[in-house]
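So you can see what is in the structure, the chains are spelled out below.
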There are 2 protein chains.
Amino acid sequence: MERELSVVGKRLPRIDAPAKVTGEAKYTVDIKLPGMLFGKVLRSPYAHAMILKIDKSKAEKLPGVEAVITSEDIPVKLFNSGLTDLLVPEEIAKNDPRDQYVLSNKARFVGDAIAAVAARDRKVAEAALDLIEVEYKALPAVFDVVEAMKPGAPKIHDFANGNIARHISFPGAIGDIEKGFQEADVMIEETFNTTKQLHCPLEPSACIASFDSIGRLTVWSPTQLLYLARHKIADIFDIPEGKIRWITPFVGGSFGNALTLRAEPICIALARKTRKPVKLEYSSEEQFIATQSRQPFTIAVKMGVKNDGAITALQGKLTANSGAYYSLSGTTTNVCMAMFATLYRCPNVSVEADIVYTNIPISGGYRGYGNPQAMWALEQVVDVAARRVGMDPVEFRLKNYRRAGDPGWTASLPIESCALEECIKLGMDKIGWREKMGGTKEGVKRRGIGMAIQRHVSGTQPMQMTHSNIMIKMNVDGSADLMVSGCEMGQGMFGVLAQIAAEELGLQIGKIHVVNGDTDETMFDDGQHASRTTYVIGNAIIETARQVKQQLLERASKILATRVDDMYVRDGQIYVRGDLENKISVEDITRRATYNFEGQGRNIAGKCSYVPKGNPPPYSAVFAEVEVDINNGATKLLKIVFAHDIGRAINPTNVEGQLEGGVMHGIGYALTEEYMVNGNNGVVESDSFTNYKIPSTLDMPNVEVIIVEQPTPSGPFGAKSVGECGLNAVAPAIANAIYDATGARVRDLRITPEKILEELSANIL
Amino acid sequence: MERELSVVGKRLPRIDAPAKVTGEAKYTVDIKLPGMLFGKVLRSPYAHAMILKIDKSKAEKLPGVEAVITSEDIPVKLFNSGLTDLLVPEEIAKNDPRDQYVLSNKARFVGDAIAAVAARDRKVAEAALDLIEVEYKALPAVFDVVEAMKPGAPKIHDFANGNIARHISFPGAIGDIEKGFQEADVMIEETFNTTKQLHCPLEPSACIASFDSIGRLTVWSPTQLLYLARHKIADIFDIPEGKIRWITPFVGGSFGNALTLRAEPICIALARKTRKPVKLEYSSEEQFIATQSRQPFTIAVKMGVKNDGAITALQGKLTANSGAYYSLSGTTTNVCMAMFATLYRCPNVSVEADIVYTNIPISGGYRGYGNPQAMWALEQVVDVAARRVGMDPVEFRLKNYRRAGDPGWTASLPIESCALEECIKLGMDKIGWREKMGGTKEGVKRRGIGMAIQRHVSGTQPMQMTHSNIMIKMNVDGSADLMVSGCEMGQGMFGVLAQIAAEELGLQIGKIHVVNGDTDETMFDDGQHASRTTYVIGNAIIETARQVKQQLLERASKILATRVDDMYVRDGQIYVRGDLENKISVEDITRRATYNFEGQGRNIAGKCSYVPKGNPPPYSAVFAEVEVDINNGATKLLKIVFAHDIGRAINPTNVEGQLEGGVMHGIGYALTEEYMVNGNNGVVESDSFTNYKIPSTLDMPNVEVIIVEQPTPSGPFGAKSVGECGLNAVAPAIANAIYDATGARVRDLRITPEKILEELSANIL
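Residues numbered from 1 in each chain as written. Chains lettered and ligands numbered in written order. Predicted model: local features only at pLDDT ≥ 70, side-chain atom pairs only at ≥ 80, totals over all residues. Heavy atoms only, no water.

Quick look at the packing of aromatic side chains
Summed over all chains, the structure comprises 26 aromatic pairs over all chains. Note on Phe288 of chain B and Tyr692 of chain B: the rings are 6.1 Å apart at their centroids and 70 degrees apart in plane angle, and the pair reads as edge-to-face. Residue Phe288 of chain B is found in helix α9 (residues 284-290), and its partner Tyr692 of chain B is found in the loop between α18 (652-672) and β28 (702-708); the two are separated by 404 residues along the sequence. Its relative accessible area of 0% is what places Tyr692 of chain B among the buried residues. A connected cluster of aromatic rings, assembled from ring pairs, spans Tyr227 and Phe524 of chain A together with Tyr595 and Phe597 of chain B. Lying across the ring of Tyr675 of chain B, Lys196 of chain B places its NZ or CZ 5.6 Å from the centre. The side chain of Arg275 of chain B reaches across the aromatic face of Phe211 of chain B, ending 4.7 Å from its centre. (Phe/Tyr/Trp six-rings, centres within 6.5 Å; stacked < 30°, edge-to-face > 60°. Helix = DSSP H or I, 4+ residues; strand = E, 2+ residues; numbered from the N terminus. Buried < 20%, exposed > 50% of the residue type's maximum accessible area, 1.4 Å probe, protein only. Lys NZ or Arg CZ within 6 Å of the ring centre and 35° of its normal.)

Concerning the domain arrangement of chain A
All names here are of chain A. Taken as a whole, chain A is organised into domain 1 (17-24 + 467-610) and domain 2 (31-139 + 201-254 + 258-289). For domain 1 and domain 2, the distance between their C-alpha centres works out to 38 Å. Domain 1 puts 21 residues into the contact, and the matching count from domain 2 is 19 residues. Between domain 1 and domain 2, a total of about 1600 Å² is buried, with carbon and sulfur atoms accounting for 59% of that surface. For the pair domain 1 and domain 2, the number of links is 3 salt bridges. (Domains from an automatic or database assignment. Contact = heavy atoms within 4.5 Å. Buried area = accessible area lost by both parts, 1.4 Å probe. Salt bridge = Lys/Arg side-chain N within 4 Å of Asp/Glu carboxyl O.)

What about the pattern of salt bridges?
Tallying each qualifying case throughout the model produces 92 salt bridges over all chains. Across the pair Arg122 of chain B and Glu281 of chain B runs a salt bridge, and its minimum N-O distance is 2.5 Å. Of the two residues, Arg122 of chain B is situated in helix α4 (residues 122-131) and Glu281 of chain B in strand β12 (residues 278-281); the sequence distance between them amounts to 159 residues. Overall, the relative accessible area of 25% leaves Glu281 of chain B in the partly exposed class. Residues Asp740 of chain B and Arg387 of chain B are paired through a salt bridge, measuring 3.7 Å at the closest nitrogen-oxygen approach. Placement of Asp740 of chain B in helix α20 (residues 730-742) and of Arg387 of chain B in helix α11 (residues 371-388) is noted, with a sequence separation of 353 residues between them. Judged by its relative accessible area of 1%, Asp740 of chain B falls in the buried class. A single network of salt bridges, built from pairs that share partners, joins Arg216, Arg245, Asp518 and Asp520 of chain A together with Glu521 of chain B.

Here's the deal with the relation of the copies chain A and chain B
Mapping chain A onto chain B is achieved by rotating through 180 degrees and translating by 0.0 Å along the same axis, at an RMSD of 0.0 Å. What the rotation and shift describe, once combined, is the action of a two-fold rotation axis. In terms of proximity to the rotation axis, the leading residue of chain A is Glu521 of chain A, whose C-alpha is 2.7 Å off the axis. Taken together, the interface assignments show that 100% of the residues at the interface of chain A recur at the interface of chain B, consistent with an identical surface on both copies. (Least-squares fit on C-alpha atoms with pLDDT ≥ 70 in both.)

Here we look at the interface of chain A and chain B
Taken residue by residue, the interface counts 58 residues in chain A and 58 residues in chain B. Interface area, chain A with chain B, both sides summed: about 4400 Å², of which 55% is carbon and sulfur. It is Tyr595, Phe597 and Lys607 of chain A that lose the most area in chain A upon contact with chain B, and together they represent 16% of the buried surface on that side. Here chain A is connected to chain B by 4 salt bridges. With a shortest N-O distance of 3.9 Å, Glu521 of chain A and Arg245 of chain B are connected by a salt bridge. Across the chain A-chain B interface, the total number found is 35 residue pairs in polar contact (both at pLDDT 80 or more). Among the elements of the structure, α1 (17-21), α7 (226-237), β19 (468-474), β20 (480-484), β21 (512-516), α17 (586-594) and β25 (605-610) of chain A are those that each provide at least two residues to the side of chain A that touches chain B. Considering each element in turn, the side of chain A that touches chain B owes the most residues, 4 residues, to β25 of chain A. For the side of chain A that touches chain B, the class distribution of residues is 20 nonpolar, 22 polar and 16 charged. (Polar contact = N/O pair within 3.5 Å; in protein donor to acceptor, adjacent residues only side chain to side chain. Nonpolar A, V, L, I, M, F, W, Y, C, P; charged D, E, K, R; others polar.)

With respect to the pairing of strand β14 (residues 297-305) of chain A
Residues and elements named next belong to chain A. Pairing analysis gives 8 bridges linking strand β8 (residues 186-193) to β14, with the strands arranged antiparallel. Residue Met187 lies in a different strand from β14, and its bridge partner there is Gly304. Of the pairings in the sheet, the one linking β14 to strand β15 (residues 311-323) comprises 9 bridges and is antiparallel in character. Note that in β15 the partner of Met303 across the bridge is Leu314. Between β14 and β15, which pair antiparallel one after the other, the connecting turn spans 5 residues, and Gly309 there sits at a positive phi close to 95 degrees. (Pairing = 2+ DSSP bridges.)

Focus: the nonpolar core
Ile424, Phe623, Ile640, Ile734 and Ile751 of chain B are the most contacted members of the largest nonpolar core, which has 166 residues in total. Broken down by element, the residue count for this core peaks at 10 residues, all from α11 of chain B. Once you skip the residues sitting within four places of it in the chain, Ile734 of chain B turns out to touch Ala624, Val626, Leu637, Ile640, Ile667, Ala670, Leu671 and Ile751 of chain B. Core analysis: the second largest hydrophobic core is formed by 164 residues, Ala377, Phe623, Ala643 and Ile734 of chain A among them. (Core = buried A, V, L, I, M, F, W, Y, C linked by side-chain atoms within 4.5 Å.)

A closer look at the sheet that holds strand β15 (residues 311-323) of chain B
All names here are of chain B. Strand order in this open sheet of 5 strands is β7-β16-β15-β14-β8, and the pairing throughout is mixed. Looking at which strands have only one partner, the edges of the open sheet turn out to be β7 (164-169) and β8 (186-193). Looking at each pair of strands side by side, their axes are set apart by 10 degrees on average, direction ignored. The sheet contact formed by β15 and strand β16 (residues 349-357) spans 9 bridges and is parallel. (Axes fitted to C-alpha atoms, helices over the stretch in contact; angles between N-to-C directions.)

Some points on the pairing of strand β20 (residues 480-484) of chain B
Residue and element names in this part refer to chain B. Among the 5 residues of β20, 5 are classified as buried, and the element is accordingly described as predominantly covered. Across the two faces of β20 the burial is the same, with Ala480, Leu482 and Val484 and Asp481 and Met483 all buried. As paired strands, strand β19 (residues 468-474) and β20 are joined by 4 bridges and run antiparallel to one another. Across the sheet, the residue bridging to Lys473 is Asp481, located in β20. Count of turn residues in the β19/β20 antiparallel hairpin: 5 residues, of which Gly478 carries a positive phi of about 80 degrees. The sheet contact formed by β20 and strand β21 (residues 512-516) spans 5 bridges and is parallel.

Structure follows, in structure tokens:
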């Protein structure tokens, strides 16, 4: 018998909304400390250059300047700015290079940090930057991965021959790829390119760092990975981790941008030098050029298919552009390969990747974390394959997709649940698949529909058992303080976790207060990544809440003269089953427990360390309808239908919001966002919102979200994840729709009118 | 075999010292919030008056004024400003009147709060006070308890006939007092008077209150009782307790002054009215007149003694001056009675008390909490009695004092340990008792010695089982966050608790970080009172630390291949007994536990709710040597020897500091501090440090502190308390010394030259 839910599943308003609409929510930039200095960073104008000499004397003499630092003032320890190394199994992580210093004595991209200033105000700091005299020796630079791998290409890091940072063979390869190709009736070979995509959070990177009189460092920063950021800073600056207090106030969006260190190391170096609090805020331009963005791949796919639609072999050869430093390139590439290789059943699979340095800004993790790149290639190849064997692409997918019981994203993890068929069925009905498939085929404006599917994760298990440590303490008014690490970055974490806590404790949502974002207050959690929050932290909260509930019930059982097992809690009341009159309020119990000075007093509370027991994958089916003007190649996106296999929607409104936001990212990836680097000098030309076009509300088509709820056994109230799922398959669905409308197959992101026209003219020839 | 201690017992520097000497420590007044208003209070110039009308229109019109509030704007709920009602058993507390409003429509003392203003800055707020027009109807006032009880005296509270707020019979009365008197060979009857004494903390009362957009209230205030203050405010303002976050920054001394609400209710009322953050800082004058001070008693003692020195009967009749409101008068009176009645063995004991309202400022709790008043009477009566039966006062005490196994301060609680004899022996040697006893007897400057003893509590058990709730979480560097409610008010709590945690965890002191003073971060604790911190919270920390240590050892046992019972932790290393080479560091264990993503990951942590199991009383013996000029009555205090039965000194330097500070308070009580109320109009004339004289370093005699360590079974590492003990018996020791020197018995505090001369002339007559 399914339990009747009273808080979970409800469309509740966001609990962080009042603070945000009133402006009372504090972000890092809002924090002001007495005597705080302001930092600024001097960045290289060269894409590749040796720094021969820095004369900082003039800058230091400027009144109000308190410190000018260069590579000589910073720790000599190489690091990787990605925060997740700790989570990666050692056999994989050991090959990830550490290639970055806080400040560099060699510039490797336009915008590389060379020096920094701390001054009494921003203007002085900016003026001081102009007074730092740097003597550069410009070096030849390379921006393209193919050029970078050629013999004689400029060498960006000494250790990386051919600028190849790392070669990775997908560890889940199976079968014999050549044999698989031989067994195929039809071979498809296609090569795809993806672009860098910028996260564009509303809040640029910012940091405040302050050392106290005993050397304890407090950092305020909008990181997604509170404890891992603390770990990395401790390592770079050789400070014991317990001597660092990391505070993450509200975060103004991140989408993966804050999975790396950004302003923090330089800010901390300035605070260490001056022994005063320092604030370092990135400008909008710095946010564009000096933080990581989505890793671009070239993906060469070779797929063998039988005439009945069975896939016999799948091969991927990936080349990733890491940019100037390695950062998260290893893990994003691994995820890309895993998602590419394991969405469909296929007995012979092989994926290889080269991660290549170039003199462009750093690549890293962005919502989807390799999955959108994989789907861009795979979900078009599948479309091609289906058409080649004369199958409806939907039927082709339904035949081949890996489903419940099949191996998941790693071979050892069977898929716990899958509602993809239901998603596809509902999505097809909503978009009108059977009626519209095949396109309009006449006139200048051609309509077509396309679809794509995706499967993602609800955490990183079993590769990484990222434990979550929770505490819940009851107040005497029957309310609960939920103490959880992590960050509310707009995704609605506070509300979702509060709903889970409220449901399990039997309280109303208003009785949950989230205490969050401070390593002094909360225990270890690895943070917001891999769409893990609802599934992993949610389960940890349930386990903790059960401890608390047990204490409540034990005390109630004495008063109500009933066995613990015969009671339940709902809406703040503890009831005896089958006897609605025999009850006592949680408030009454907590008050009697706390304000008990006769020997049985206690603050009712629970704590737990929870290790995830599974990783049920959420599936989605995305349907796109487009209208393409075949005269000018202009694409009008008419409609997106997005059906998502969520397991359980803790808050359906929030799930819809997450998916709509993801779709928006996917549309930008497909159609509007273009990261442009000047091929002569490496200058990023898309360095603002005027020349890097993210979709606005006016660019959004009608998006219909369908939530499919088939509770998954290991999920909190059956929930799987949603965070990253929205965007993974949007771009290939649009590309497939354009093909359906026009016959033009665009293989390189972003989809431009020019590329469509080029494909159309090629087809005609 | 006693365990060898490595952190406890060491003279370690205070861990809060660096923050304090650098000025980095934040007190409530240091907190600034954006848009914060400043509050000011309008106080009555009359000692007793009806408020007929308040015209606030002119004040409200002053630019910058945001609110003017009077009794009409505040909750209509009567309350008691003392914070400990919750702790007092219901049968006792139910008779404690609630007699106060946040702002009154009847003034009951000069300084009673009538109205308050919130304005954009202090100057505007002050100017606005002058514009509030109050029409008072002056009433006859009464300042003396005897006058107040007379028929026809002005009635201060309607319900209190004869201005008697409450009559209390000491519940521990035993025997038949009249029979006891009949059995006596010698009867002593003496009446003593004590004075109001001001706590004089360096930090006057201050508060900041801020409501957020969902009505959650944050309060910053230097209270000693974080959670109880939150409870009382919740009750007055009808806010659920979980919707109040109470933050107590560093506290600049308190000595019991912050056992009541002070600036908080008015500050919160202003914030509620304006919906903006409000800061209310008491001026030094307000601190003197508008916060509670030590309750003055008249104590009539009747003691019956056998010729062999056995006490047959002890009777006390107390009259307490509560001032204008009741506040803590009930509990201080109860403690006074208990301490009076139970220091000595006596089969027939009776104590009665009347608590009387007068039109002077409020009385309440001050370090010692009734015990100094009791000792002022009792320890002089004992001196008189000893002399009357021809015994050395020391011998008399040694014959009669209640010792280990005897009933303690409540009949149900046997005395767990007692090292008074050792204290007396060491003190006698140090002061030169046998040589000097009897005084110099000639010349103008007469020398004499006197002594007194005291026994205090290590908490409030068994009357109040004040549980303490602790959490300890380990950091990956092998350091520990000790999460404990309560306040560092200069007593050295942080250091003492950190030493206890370090010792039990086997860590160095620098590895303990105290997280404190915020109801969001820590669990319930009733706070700093009754000298309970070391004993109750210390024991709670030990229990929590044991949980943590168990987890550390369990993980270590797998690595070292040893049973948990065969290991121990010291200086951050886990050793196998008898094999110093077979070890692993705590850091190694915590790092492997936290950075474990293979399924056994956890943040090692512990939490517990601890209910005290005992209340071992600390004893002290105080010896004073004086020189009195019999021509002018001037007393020169030559020396104080203070021997204290601490059980175990967690930090001997800190114990000495606490005792020296207490002795200073006792000397002020005895000789320099005089609270003066104008008998005509009730104006407090001792309203500043120029007319209220606390001892300075120049007034301090040579103070020798002797720490006697006989570990008590239930104490943390054997510790008993020290906080309040230093002052309880200082004044009677000095009075007894003056008698020894001159034959003058001064019964009324403070001891002035005039009173000595008066006694001397009376003796001559």
